[in-house]
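# Chain and residue survey
Letter by letter, the chains look like this.
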Amino acid sequence: MQPFADDALLLCPYCGEEVEVTVDPGGPSSETYVEDCPVCCRPWVVHVSREEEDVSVFLGREDD
């Protein structure tokens, strides 16, 4: 049984603070969405890729 969600600790690409991003391990092989930083409120572009049980998360700047 797969867990409902996984947490990734990443650095905000704007303020540099460590933030926790929760992603669903089950889903499309890749997806991109926008989420605001809970510290500085600037918008990240969240890139998620899944390969079997491995989930990778990358945060980008919306202004890139």
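As the structure is a computational prediction, the values presented were derived from the model and not from experiment. Here the residue numbering is sequential within each chain, running from 1 through the sequence in written order. The predicted nature of this model means local features are confined to residues of pLDDT at least 70 and side-chain atom pairs, given and counted, to a pLDDT of 80 or more, with totals for whole chains, interfaces and linings taken over all residues. Neither water nor hydrogens contribute to the side-chain values; these are computed over all heavy atoms in the structure.

## Observations regarding the overall build of the protein
- Labels follow the DSSP assignment, with helices taken as runs of H or I lasting at least four residues and strands as runs of E lasting at least two, numbered in each case from the N terminus. Helix and strand counts for the protein stand at zero helices and five strands.
- Counting from the amino terminus, helix and strand elements in the protein follow one another as β-β-β-β-β.
- We take the radius of gyration over the C-alpha atoms and set the globule estimate at 2.2 Å times the residue count to the 0.38 power. Whereas a compact globule of 64 residues would reach a radius of gyration of roughly 11 Å, the protein reaches 12 Å, a difference of no more than 12%.
- On the principal axes, the C-alpha backbone points of the protein span a range of 35 × 20 × 15 Å.
- Buried positions account for 27% of the 64 residues belonging to the protein.
- Look at the contacts in the protein between residues 6 or more apart in sequence, and 30% of them connect residues 24 or more apart.
- Only the protein chains shown count as cover for residues, and the accessible areas themselves come from Shrake-Rupley with a 1.4 Å probe. Counting every atom, the protein has about 4,400 Å² of accessible surface; 47% of that belongs to carbon and sulfur. The buried label goes to any residue with under 20% of its type's maximum accessible area, the exposed label to any with over 50%, and the partly exposed label to all in between, with areas taken from a 1.4 Å probe on protein chains only. We call two residues in contact whenever any of their non-hydrogen atoms come within 4.5 Å of each other.

## Let's talk about the side chain of arginine 50
- Topologically, arginine 50 is positioned in strand E4 (residues 43–51).
- Whenever a nitrogen or oxygen atom comes within 3.5 Å of another N or O atom, the pair is scored as a polar contact, on the condition that within protein one atom can donate a hydrogen and the other can accept it, and that pairs from neighbouring residues in sequence are kept only if both atoms are in side chains. In this structure the side chain of arginine 50 is engaged in a polar contact, spanning 2.8 Å, whose partner is the backbone oxygen of aspartate 24.
- A polar atom in the side chain of arginine 50 sits 2.8 Å from the backbone oxygen of proline 28.
- For arginine 50, the contacting residues outside a window of four places in its chain are Asp24, Pro25, Gly26, Gly27, Pro28, Ser29, Glu31 and Val55.

## Focus on the pairing of strand E2 (residues 18–23)
- Of the two faces of E2, the one holding Val19, Val21 and Val23 is buried and the one holding Glu18, Glu20 and Thr22 is not buried anywhere.
- Taken together, the six bridges between strand E1 (residues 6–11) and E2 define a ladder with antiparallel strand orientation. Bridging from a neighbouring strand, alanine 8 pairs with valine 21 of E2.
- In short, DSSP must find at least two bridges between two strands for them to pair. Between the antiparallel neighbours E1 and E2 lie six residues, among them glycine 16 with a positive phi of about 80°.

## Some words on the sheet that holds strand E5 (residues 54–61)
- Ordered in space as E3-E4-E5, the three strands form an open sheet in which the pairing is antiparallel. Where the open sheet ends on each side, the last strands, each with one partner, are strand E3 (30–36) and E5. The average undirected angle you get between the axes of adjacent strands in this sheet is 25°.
- Judged from the eight bridges that link them, E4 and E5 form a sheet pairing that is antiparallel. The partner of valine 46 across the bridge, within E5, is leucine 59. Axis angles are defined between N-to-C directions and span 0 to 180 degrees, where every axis is a line fitted to C-alpha atoms and, for a helix, only to the segment in contact.

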